[in-house]
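Listed below are the residues making up each chain.
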Amino acid sequence: MRMLQIMLVIAGVLHLAITSAGITMTRVLDWRGNLAHLNALTRHVIWTHGLFVLMTIIAFGVVSIIFSAPLASGAPLARAICAFIAIFWGSRLMIQFFLFDARPFLTNSALKLGYHGLTVVFTYFTITYGLAVLLPGR
């Protein structure tokens, strides 16, 4: 359980760290310019969804840091929360592999490194929270 708890704390820190990627993404994809052509409601819905995803990622991070021991305990609620987070990131990882084609936007080494780094982090999240579901209390 101690190793899983440490892995969850690391995951929490990584959640907070990747929030900068979301901010970078809005700039690289020029959300302000590209969304300006949409009607106001559609533009506001997209910004609102982006903000809610950001808040969710921050919440995953804070909960994982503060409540790493309970999350690693194998309690039913802990396993349910970890299952949700594992599915969230597993789904995002599949989208990264099979839907997104970021190549046109990966115009320099920093962006390429960041994009592939996110893939590694999403994989870490999926595995870590999946272990918390499958290996409760260890």
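In this text the structure is predicted, and so the values were computed from the model without any measurement.

### Here we look at the nonpolar core
Now for step 1: Membership of the largest hydrophobic core comes to 21 residues, with the highest contact counts inside it found for Leu-8, Ile-18, Cys-82, Trp-89, Phe-122, Phe-125 and Tyr-129.
Now for step 2: If you list the elements that add at least two residues to this core, you get α1 (2-28), α3 (40-66), α4 (68-72), α5 (76-98) and α6 (109-134).

### What about α1?
Now for step 1: Between its first and last C-alpha atoms α1 spans 39 Å; for 27 residues at 1.5 Å apiece the expected length is 39 Å, and the two agree.
Now for step 2: Buried residues of α1: Leu-4, Gln-5, Met-7, Leu-8, Ala-11, Gly-12, His-15, Ile-18, Thr-19 and Thr-26, and no others.
Now for step 3: Its buried side turned inward, α1 meets α2 (31-35), α3, α4, α5 and α6.
Now for step 4: Positive backbone phi, at 50 degrees, marks Asp-30, one or two positions downstream of α1.

### Some remarks on a nonpolar patch on the surface
Now for step 1: Residues Val-13, Leu-16, Ile-58, Val-62, Ile-65, Ile-66 and Phe-67 make up a contiguous nonpolar surface patch of about 560 Å² in total accessible area.
Now for step 2: In terms of residues, the nonpolar patch owes the most to one element, α3, which gives four residues.
Now for step 3: By secondary structure assignment, the location of Ile-66 is in helix α3.

### Details of the packing of α3 against α5
Now for step 1: Running from N to C, α3 and α5 cross one another at 135 degrees; their axes reach a closest spacing of 12 Å. Viewed along their axes, α3 and α5 adopt a mutual orientation that is oblique. The hand of the α3/α5 crossing is left-handed. Residue-level contacts link Thr-56, Ile-57 and Phe-60 of α3 to Phe-84, Ile-85, Phe-88 and Trp-89 of α5.

### Quick notes on the packing of aromatic side chains
Now for step 1: Under the defined criterion, the tally for this structure stands at eight aromatic pairs.
Now for step 2: Between Trp-31 and Trp-47 the ring centres are 5.1 Å apart and the planes differ by 80 degrees, which places this aromatic pair in the edge-to-face class. Of this pair, Trp-31 sits in helix α2 while Trp-47 sits in helix α3, placing them 16 residues apart in sequence.
Now for step 3: A residue is classified by how much of its surface remains accessible, and Trp-31, at 16% relative accessible area, is buried.
Now for step 4: Trp-47 gets classed as partly exposed once you look at its relative accessible area, which sits at 30%.
Now for step 5: Note on Phe-88 and Trp-89: the rings are 4.9 Å apart at their centroids and 75 degrees apart in plane angle, and the pair reads as edge-to-face.
Now for step 6: Since its relative accessible area comes to 24%, Phe-88 is described here as partly exposed.
Now for step 7: Site record: aromatic cluster; members linked through ring pairs are Phe-60, Phe-84, Phe-88, Trp-89, Phe-122 and Phe-125.

### Here we look at the side chain of Ser-64
Now for step 1: Among the structural elements, Ser-64 can be located in helix α3.
Now for step 2: Note on Ser-64: relative accessible area 0%, which makes it buried.
Now for step 3: Not counting chain neighbours up to four residues away, the residues in contact with Ser-64 comprise Leu-8, Val-9, Gly-12, Leu-71 and Tyr-129.

### Some words on α6
Now for step 1: The end-to-end C-alpha distance of α6 is 37 Å, a good match for the 38 Å that 26 residues give at a rise of 1.5 Å each.
Now for step 2: Listed in full, the buried residues belonging to α6 are Tyr-115, Leu-118, Thr-119, Val-121, Phe-122, Phe-125, Thr-128, Tyr-129, Gly-130, Ala-132 and Val-133.
Now for step 3: Here α6 starts with a cap whose side-chain oxygen sits 3.0 Å from the backbone nitrogen of Ala-110, and that cap is Asn-108.

Reading the values: rules and limits
- Residues numbered from 1 in each chain as written.
- Predicted model: local features only at pLDDT ≥ 70, side-chain atom pairs only at ≥ 80, totals over all residues.
- Heavy atoms only, no water.
- Core = buried A, V, L, I, M, F, W, Y, C linked by side-chain atoms within 4.5 Å.
- Buried < 20%, exposed > 50% of the residue type's maximum accessible area, 1.4 Å probe, protein only.
- Helix = DSSP H or I, 4+ residues; strand = E, 2+ residues; numbered from the N terminus.
- Expected span 1.5 Å × (residues − 1).
- Contact = heavy atoms within 4.5 Å.
- Patch = residues over 30% accessible without salt bridge, like charges linked within 9 Å, V, L, I, M, F, W, Y side chains within 5 Å.
- Areas by Shrake-Rupley, 256 points an atom, 1.4 Å probe, with all protein chains shown as cover.
- Salt bridge = Lys/Arg side-chain N within 4 Å of Asp/Glu carboxyl O.
- Axes fitted to C-alpha atoms, helices over the stretch in contact; angles between N-to-C directions.
- Parallel < 35°, antiparallel > 145°, perpendicular 65-115°, else oblique.
- Left-handed = near helix turned anticlockwise from the far one by under 90°.
- Phe/Tyr/Trp six-rings, centres within 6.5 Å; stacked < 30°, edge-to-face > 60°.
- Polar contact = N/O pair within 3.5 Å; in protein donor to acceptor, adjacent residues only side chain to side chain.

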